[in-house]
Amino acid sequence: MTRTLQISTLFIGLFLSVTSFSQTTIKGVIKDKKGVEVPYATIFLSVNKEGGMTDEEGVYSITLKITGKDTIRVSSIGFDDFILPVDIENKEIVLNITMKEPVEYLDEVVISAGTIEANNERSVAVLKPLDIVTVAGGQGDIIGAIQTLPGVQRNGGDQTGLMVRGGDVNESTMIIDGTIAQNAFQSGAPGVSQRSRFNPFQFKGTSFSSGGYTARYGQALSAILDLQTNDLPEKDNVNFGANMAGISLSGSKLLDKKNAIEYSGSYQNLQPFYGITPTNIKFYKVPQGGTFSTRWISKLDDNKGLFKMNFSRSFNKTGVEINNPAYPGSTINFNVQNENTYINSSFKYWASDKLKYFTAFSYSNNTDNLGFGTASIVRNDSRAQGRAELWYEFNNKFNVLAGSEIQRISYLEKFNAIVGAFDETMSAGYLEGEYKPFRKLAFKPGVRGEYSQLLAKGNIAPRLAMAYKTGAFSQISFAGGAFYQTASPNYLIQGYRPDFQNSNHYMLNYQIMKKNRVFRLEGYYKSYQQLIREKGVNYTPNQFRFNFGELDNSGSGYAQGIDFFWRDKETVKGLDYWISYSYIDTKRLYQNYISKATPDYVSNHNLNIVAKYLVEKIQTNFSATYSFSSGRPYYNPNSPTFLTDHAPAFQNLALTASYLRTFKKIFAVFYLSFDNILNTKNVLGYRYSEDGTQRYPIIPPLYRSIFIGMNLSFSQFSQDEL
Amino acid sequence: MRPFFIKITLTVAIALSITVVNAQTLEESLVPAFQQIDTSKTMGGMMSAAAKLDLITNKFPNEYASNYYSAYAKAMISYVEKDAKRRDLFLDMADKFFLKAQQIKPNDQETYILAALLANARLSVDGGSRWKKFGEIFDKNLNAAKEINPNNPRIYHLKGVALFFTPKMFGGGVKNASEQLEKASLLFSSQDSSSILIPHWGEKRNAEFMAKCDE
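Residues numbered from 1 in each chain as written. Chains lettered and ligands numbered in written order. Predicted model: local features only at pLDDT ≥ 70, side-chain atom pairs only at ≥ 80, totals over all residues.

**Here's the deal with the overall build of chain B**
Right, on to step 1. A count of helical and extended segments in chain B gives 10 helices and zero strands.
Right, on to step 2. Beginning at the N terminus, the succession of helices and strands in chain B can be written as α-α-α-α-α-α-α-α-α-α.
Right, on to step 3. Split into buried and exposed, the 215 residues of chain B put 50% on the buried side.
Right, on to step 4. If you take every contact in chain B between residues at least 6 apart in sequence, the share linking residues at least 24 apart comes to 58%. (Helix = DSSP H or I, 4+ residues; strand = E, 2+ residues; numbered from the N terminus. Buried ≥ 20, exposed ≤ 12 C-beta atoms within 10 Å, placed from the backbone. Contact = placed C-beta atoms within 7 Å.)

Right, dumping it as structure tokens:
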């Protein structure tokens, strides 16, 4: 090093001595904070208009002609510019410089406890949006893919919704662009799992929180699935899809540089699908339906503002012979006709770099006309929600989010001549700060207050998340808080007004994320208080029971467990796989339970292995998902203990092959998928006849199934093509 | 990087960079620095060329060409750099120079082409998840350049290179790439390369990719 320096000086000396005599030199070594030399940094003196660059050893030396005051500026990739006023005298100046890494370029700590994000905006993410739609067995539905993540109970085919860490389907909420998506799932027959209503391609980001979530949201004891829709598209396109369950047409059209509309329409009819695949239940009216949706996206004021509005309307109907939930062993006709309208709008505006406004509004209206044997039931619910919030950054270490929301929810149910109804106005305010005293440590305390007009009660829910970076690629984080949720509408509609239910979450997460590998381990404990109990009635597993007896909030419970996640895209070229495993121990005393027990929708062990492999030579992507869930508990009236009998374990292997091809300007995907390719005869539980002498297995609506479809995407180009 | 002569080369480069900045006109300064970025095969050579270009831009901060080449050099380095995060950092720097160049000549064919080059560089950092966003920005800018001058060879050169790296199933592949590269090749031979101030890069790189297509 010294030798280089000598030689450098010598060379420069030799070279420059020819051009000028009265001159001086500024020289030194540039290093980073750890003392490592910074090569190829550029140095520039603004008065002298002279410059140079460091060599591989971080050494620089610049000859100057003008003496007096000057300013030195050093720039290098990955560092903040170093600027210093210097006095140039007629003697050599030695200036050794330490460069600082800018805060925004560093791998900042990101709070990861409880949350798995899929977005394209961060270069390193656990999942990307496209990963979600290509999970085999997920049927292109976001929920199908979310079920392969740790902490989520695998749906055996008989349930609808998300069951997270011991919580039932009512304890998770889906949010789109900041407001709740009421009735996120299609209406269908009991015992037949339903898809979510939303096209996965309309989302640019998915953030799944299996607990300990932000103070922005409430009214979910377990989990939040927070989705963000796409921004302004860059160009026009048209997509056409056809498969064994229907056809669809969608597209986007740019109106000008700042405005675009998107549209989509689809018609579903499961006749071709159920025509080929033998079903375990009898559909006397095959599911069919249609959806129309449109979106308007608009940019304002040089990208400072973004407005999005979504409107969708859908209907579907189906008729099934189901096992009579009141009298196992006999069947009953069940038919449903659903109509759903959903409007969602959001507006984000950056008033400055440090100040952001966000407002959102949504409205939904949902009607189910149900036929249950000879009885007819009409259920209608509507929800209007508004949110306004303000985010302000005091400095790069501290920012605050303050907001409020209000929701108006109405339910109406007509059962033959009996009418039940309620209206609720729920208002909430929240405040959340984020403090990063230094780049390795982050705190996110928050508090949320809610008031229910229906219950004439409020709650205050503190939240806290924090994270500490333990190494260049690893971090440890914590999330926790109190979460409240009003009792299920089934109770409220009958005029019961129990207090809020409550759950406290504590979760601790360790994560290593390096290049294309992710390792996560998370342990959690959740306690449940004030759960609803039906008193003075006998236990029945019938989810359509309507005699609830006396209600109170004396229920309680807990859930604890460990979630493991490993993803690797690095080891084998072209192969991307992830393994998720969850162990849960949970018991609760709620609803009509006789004693504290593990609920009948919980498997103690859940394992998912998802693999994708692209064979470029044959332009085909193969994807496989293997799922294992230990047996769910079921109610055996002959057993001396409550809910302690277990069904056999559930297993499923799904395979999808997609052939990708471009014909001129058309990009085509043809797919073939098998669900339960091994034709495993899964039994999800048992139901007993009233006298307890006969038992009937609960089985999924389908065993092995095959599904074929295609998608064509047309891009519009300028008239005379490249 | 022990060899002694590398250090000497670099030392000479430092000395040269000083003379470069001392040179009288923008044009005279740009020619050797541009030649170096266009011919260097090593990170060190490209970095020193980029540093020279930055020094020139420091001296001529309001000139289109200086900002243009500073951005261009960063994009070229980003293709050579291995670390994904550093590639983005180079492109962040390139964006700063690009925005300045865009301010000076907002509706220029070469500005659109530079925007397309930067979009392609971003895309190639993480093709799997960036193809949609940056692929669209790339196409949009090349189309805008084409509306101004359909005979600019860099439109077809960039399109060809992008297709070369796009899997066949997504409309890329060698056959589609070479069509574009050949079209570019014809246009390169008749382009105006009289002054460094009018960008005319790409002919050599185009020929390299044509050779790769023939392999």
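**Brief notes about the overall build of chain A**
Right, on to step 1. In terms of regular secondary structure, chain A is built from five helices and 39 strands.
Right, on to step 2. The C-alpha extent of chain A, read off along each of the three principal axes, is 110 × 60 × 45 Å.
Right, on to step 3. A burial count over chain A gives 39% of its 722 residues as buried.
Right, on to step 4. Excluding contacts between residues fewer than 6 apart, the proportion of contacts in chain A whose partners are at least 24 apart in sequence is 61%.

**Topic: the environment of Glu179(B)**
Right, on to step 1. Within the secondary structure, Glu179(B) sits in helix α9 (residues 174-189).
Right, on to step 2. Through-space distance from the C-alpha of Glu179(B) to that of His157(B) is 10.0 Å; in sequence the pair is 22 residues apart.

**Things to note about the domain arrangement of chain A**
Right, on to step 1. Partitioning chain A into structural domains gives domain 1 (2-101) and domain 2 (115-655 + 672-715).
Right, on to step 2. The centre of domain 1 of chain A, based on its C-alpha atoms, is set 59 Å off from the matching centre of domain 2 of chain A. (Domains from an automatic or database assignment.)

**Some details on the confidence of the model for chain A**
All names here are of chain A.
Right, on to step 1. Per-residue pLDDT for chain A has a mean of 88; in total, 94% of the residues score no lower than 70.
Right, on to step 2. Within the model, the stretch residues 1-21 combines pLDDT values under 50 with 24 contacts to residues more than four positions away or in other chains.
Right, on to step 3. Confidence over residues 717-722 falls short of pLDDT 50; this stretch has five contacts with residues more than four positions distant or in other chains. (pLDDT = per-residue confidence, 0-100.)

**Overview of the environment of Asn547(A)**
Right, on to step 1. Tracing the chain through its elements places Asn547(A) in the loop between β28 (517-535) and β29 (550-568).
Right, on to step 2. On a C-alpha basis, the gap between Asn547(A) and Gly290(A) in space is 35 Å, while along the polypeptide they are 257 residues apart.

**Some details on the sheet that holds strand β3 (residues 50-53) of chain A**
Right, on to step 1. Read from one edge of the open sheet, four strands run β3-β2-β5-β6 (chain A), paired in antiparallel fashion. Two strands bound the open sheet, and with one partner strand each, they are β3 and β6 (82-88) of chain A. Strand after strand, the sheet turns through a mean of 20 degrees between neighbouring axes, direction not considered.
Right, on to step 2. Pairing between strand β2 (residues 42-45) of chain A and β3(A): four bridges, direction antiparallel. Note on β3(A): the bridge partner recorded for Thr42(A) is Met53(A).
Right, on to step 3. Docked against the sheet, helix α3 (residues 43-59) of chain B engages β2, β3 and β5 (68-75) of chain A, running at close to 20 degrees with respect to β2(A). (Pairing = 2+ DSSP bridges. Axes fitted to C-alpha atoms, helices over the stretch in contact; angles between N-to-C directions.)

**Brief notes about unusual backbone geometry**
Residue and element names in this part refer to chain A.
Right, on to step 1. For Lys 49, which is not glycine, the phi torsion reads 50 degrees and is therefore positive.
Right, on to step 2. As for its position among the elements, Lys 49 is in the loop between β2 and β3.
Right, on to step 3. Taking the number of C-beta atoms within 10 Å as the measure of exposure, Lys 49 has 16 and is therefore partly exposed.
Right, on to step 4. The residue Ala 456 is not glycine, and still its phi comes out positive at about 55 degrees.
Right, on to step 5. Within the secondary structure, Ala 456 sits in the loop between β24 (441-452) and β25 (457-469).

**Some words on the nonpolar core**
It is characteristic of soluble globular proteins that their nonpolar side chains tend to be buried jointly.
Right, on to step 1. By size, the foremost hydrophobic cluster in this structure holds 76 residues, and its most contacted members are Ala71(B), Leu114(B) and Leu118(B).
Right, on to step 2. Residues in contact with Ala71(B), not counting those within four places in the same chain, are Ala94(B), Phe97(B), Phe98(B), Ala101(B), Leu114(B) and Leu118(B).
Right, on to step 3. Residues Leu225(A), Val518(A), Ile584(A) and Ala624(A) belong to the second largest nonpolar core, which totals 47 residues. (Core = buried A, V, L, I, M, F, W, Y, C linked by C-beta atoms within 7 Å.)

**Focus: the packing of α3(B) against helix α4 (residues 64-80) of chain B**
To characterise two packed helices, one gives the angle between the axes of the helices and the distance between these axes.
All names here are of chain B.
Right, on to step 1. Packing of α3 against α4 brings their axes to within 9 Å, and their N-to-C directions diverge by 160 degrees. Between α3 and α4, the crossing angle belongs to the class labelled roughly antiparallel. When the axes of α3 and α4 are compared, the crossing they make is left-handed. For the pair α3 and α4, contact is made by Met 43, Met 46, Met 47, Ala 49, Ala 50, Leu 53, Asp 54, Ile 56 and Thr 57 and by Ser 66, Asn 67, Tyr 69, Ser 70, Ala 73, Lys 74, Met 76, Ile 77 and Val 80, respectively.
Right, on to step 2. Here the residues of the contact of α3 with α4 sort into 12 nonpolar, four polar and two charged. (Parallel < 35°, antiparallel > 145°, perpendicular 65-115°, else oblique. Left-handed = near helix turned anticlockwise from the far one by under 90°. Nonpolar A, V, L, I, M, F, W, Y, C, P; charged D, E, K, R; others polar.)

**Digging into the environment of Ser298(A)**
Residue and element names in this part refer to chain A.
Right, on to step 1. Tracing the chain through its elements places Ser 298 in strand β17 (residues 282-300).
Right, on to step 2. With 248 residues separating them along the chain, Ser 298 and Phe 546 place their C-alpha atoms 48 Å apart.
Right, on to step 3. Contacts of Ser 298, omitting those with residues within four sequence positions, involve Lys 258, Asn 259 and Phe 307.

**What about helix α8 (residues 153-165) of chain B?**
Residue and element names in this part refer to chain B.
Right, on to step 1. The terminal C-alpha atoms of α8 lie 19 Å apart, and with 13 residues this matches the ideal 18 Å at 1.5 Å per residue to within 8%.
Right, on to step 2. Of all 13 residues in α8, 11 are buried, a share of seventy percent or more.
Right, on to step 3. Among the residues of α8, Pro 153, Arg 154, Ile 155, Tyr 156, His 157, Leu 158, Lys 159, Gly 160, Val 161, Ala 162 and Leu 163 are the ones counted as buried.
Right, on to step 4. Structurally, α8 contributes buried residues whose contacts are with α6 (109-125), α7 (127-148), α9 and α10 (203-214). (Expected span 1.5 Å × (residues − 1).)

**Notes on the pairing of strand β27 (residues 501-514) of chain A**
Residue and element names in this part refer to chain A.
Right, on to step 1. With 12 bridges connecting them, strand β26 (residues 474-485) and β27 associate as antiparallel partners. By the bridge assignment for β27, Ser 477 is matched with Asn 509.
Right, on to step 2. Examined bridge by bridge, β27 and β28 share 13 bridges and lie antiparallel to one another. What sits directly across from Tyr 510, in β28, is Leu 521.
Right, on to step 3. Connecting the antiparallel pair β27 and β28 is a turn made up of two residues, with Lys 515 showing a positive phi of about 45 degrees.

**Quick word on the confidence of the model for chain B**
Residues and elements named next belong to chain B.
Right, on to step 1. Here chain B shows a mean pLDDT of 85. Residues at 70 or above account for 89%.
Right, on to step 2. Counting interchain partners and residues more than four positions distant, the pLDDT-below-50 stretch residues 10-21 has 40 contacts.
Right, on to step 3. We note a pTM of 0.80 for the whole complex and an ipTM of 0.73 for its interfaces.

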